[in-house]
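Residue-level structure breakdown
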Amino acid sequence: MFKKIAFAASMVVVSLSSAVAFAAEESRSSIQISASIPSKVFHAQPRDPNFGKDEKMNYVLATGELTALRALYDVRHTSGGIGAYIEGGPQALHNGANNIPLTYTFNGVTLTGASQEVVTEAAAAGGISADLVITAAKPGDTQNGEYSATPVLIFDALAKAS
């Protein structure tokens, strides 16, 4: 009888310990959350938060040209106009030996290395959406391979006109 009780007690301990082992298992999922909230006075940001992370200009075999890049920006400045420029001047696509010039326009204004007004004070006050368009010159017949560029677009808050 004692053997039966000892055996039954040991089975209870084993079954309880396995139940505890199952209860101790867990699955975790970590979530990284971020938010970017622009200033209500001045902001200029692409509507697509992924724009600029890995953009491609595709080669069109039929025309021998590269496709343009386009991005819609939401811009606002309640205390004046908005200026923009390309830091260091317009950067070309480069492969180490050759350059393919790029033209940058924002809201219809061709950007250079110097800040210039791209959104008037009146338009900026309420906020608008404006296009950034980057186009490439047609590559020459000997220009092939991998090309890249890393331009930096700077927006600045222009002072209110007196």
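Residues numbered from 1 in each chain as written. Predicted model: local features only at pLDDT ≥ 70, side-chain atom pairs only at ≥ 80, totals over all residues. Heavy atoms only, no water.

A word on the layout of surface pockets
Volume-wise, the largest pocket comes out at about 850 Å³. Lining the largest pocket are 31 residues; nearest its centre among them are Glu55, Met57, Leu69, Leu93 and Ala149. Listed by contribution, the elements that provide at least two residues to the lining of the largest pocket are strand S4 (69-77), strand S8 (102-106), strand S11 (128-136) and strand S12 (153-157). Counted by class, the lining of the largest pocket contains 20 nonpolar, six polar and five charged residues. (1 Å grid on protein atoms, 1.4 Å probe; cavity = no way out; pocket = protein on both sides within 12 Å on 5 of 7 lines; lining within 4 Å. Points joined across faces, edges and corners; volume = space filled by probe spheres on them. Helix = DSSP H or I, 4+ residues; strand = E, 2+ residues; numbered from the N terminus. Nonpolar A, V, L, I, M, F, W, Y, C, P; charged D, E, K, R; others polar.)

A word on the packing of aromatic side chains
Counted according to the given criterion, the structure contains four aromatic pairs. Ring geometry for tyrosine 73 and phenylalanine 155: centres 5.5 Å apart, planes at 45°, overall tilted. You can see tyrosine 73 sitting in strand S4 and its partner phenylalanine 155 sitting in strand S12, a full 82 residues away along the chain. Like tyrosine 73, the residue phenylalanine 155 is buried in the burial classification. (Phe/Tyr/Trp six-rings, centres within 6.5 Å; stacked < 30°, edge-to-face > 60°. Buried < 20%, exposed > 50% of the residue type's maximum accessible area, 1.4 Å probe, protein only.)

Here's the deal with the sheet that holds S11
What holds strands together in a sheet is hydrogen bonding between their backbones, with the strands either parallel or antiparallel. Ordered in space as S1-S4-S11-S8-S9, the five strands form an open sheet in which the pairing is antiparallel. The outermost strands of the open sheet, each flanked by one partner alone, are strand S1 (42-46) and strand S9 (109-110). By the bridge criterion, five bridges tie S1 to S4 in an arrangement that is antiparallel. When the sheet's bridge partners are listed, alanine 44 is paired in S4 with valine 75. (Pairing = 2+ DSSP bridges.)

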